[in-house]
Amino acid sequence: MYSKVLSLRFPKKLVNEPVVSNLVQKFDLSFNILKATIYPRKEGLLVLELRGQRKNFQKGLRYLKSLGVKVESIGQDIKRDEELCFHCGACTAVCPTGALYIKRPEMEVIFDHEKCSACEVCVIACPAHAMTVRFNRSLLY
Ligand code: SF4
Ligand code: SF4
């Protein structure tokens, strides 16, 4: 199963069209709407998590493109604030990928960004709020 958080910008003429339900019916995709807004100029913005088979996902994106919907991918990135981190080690106990670990004998907590799956568990666990989520946007169409 493939999943991505997308932002869809609808031109005015499409705001009342069943575009998202067509994604479900035509391409066997499922979705979870995270944000829906209609701007004063009647353009629509929808942020949703879209899930399905990868090939259906690509077909769904092509369908959106053919309608004139602008699609952006929103990826998550986890950052550590080095000033706030006091190397308590709490995050290393919960990190499922080993991206946060204790380097011995220095007892320093290392954050290996390459191993991070952006699951956000450390964001909740960190008592210093040193771990934060950053959203990156990239234009798909
Ligand atoms: S839980 Fe927070 S303060 Fe403690 S080591 Fe991890 S990032 Fe640093
Ligand atoms: S977001 Fe998840 S995988 Fe990444 S460092 Fe935090 S707990 Fe580990």
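Our structure is the block above this text.
We now turn to the structure provided with this report. These figures come from a predicted structure and were not determined experimentally.

**Quick word on unusual backbone geometry**
Looking along the chain, the bond that leaves R104 and enters P105 is cis, with omega of 5 degrees. Even without a glycine there, the phi angle at H87 is positive, about 60 degrees. Mapped onto the elements, H87 comes out in the loop between β4 (70–80) and α3 (90–94). Take H87: its relative accessible area is 30%, and that puts it in the partly exposed class. Not every positive phi belongs to a glycine, and M107 is a case in point at roughly 60 degrees. When you line up the elements, M107 lands in the loop between β5 (100–103) and β6 (108–111).

**Examining the packing of helix α1 (residues 19–27) against helix α2 (residues 54–67)**
Between α1 and α2, whose axes approach to 10 Å, the crossing angle comes to 140 degrees. Classified by the interaxial angle, the pair formed by α1 and α2 is oblique. Judged by the sense of rotation from one axis to the other, the crossing of α1 with α2 is right-handed. When α1 is examined against α2, the residues V19, N22, L23, K26 and F27 are found in contact with a partner set consisting of N56, K59, G60, Y63, L64 and L67. Broken down by class, the residue content of the contact of α1 with α2 amounts to six nonpolar, three polar and two charged.

Basis of the calculations
Residues numbered from 1 in each chain as written. Chains lettered and ligands numbered in written order. Predicted model: local features only at pLDDT ≥ 70, side-chain atom pairs only at ≥ 80, totals over all residues. Heavy atoms only, no water. Helix = DSSP H or I, 4+ residues; strand = E, 2+ residues; numbered from the N terminus. Buried < 20%, exposed > 50% of the residue type's maximum accessible area, 1.4 Å probe, protein only. Axes fitted to C-alpha atoms, helices over the stretch in contact; angles between N-to-C directions. Parallel < 35°, antiparallel > 145°, perpendicular 65-115°, else oblique. Left-handed = near helix turned anticlockwise from the far one by under 90°. Contact = heavy atoms within 4.5 Å. Nonpolar A, V, L, I, M, F, W, Y, C, P; charged D, E, K, R; others polar.

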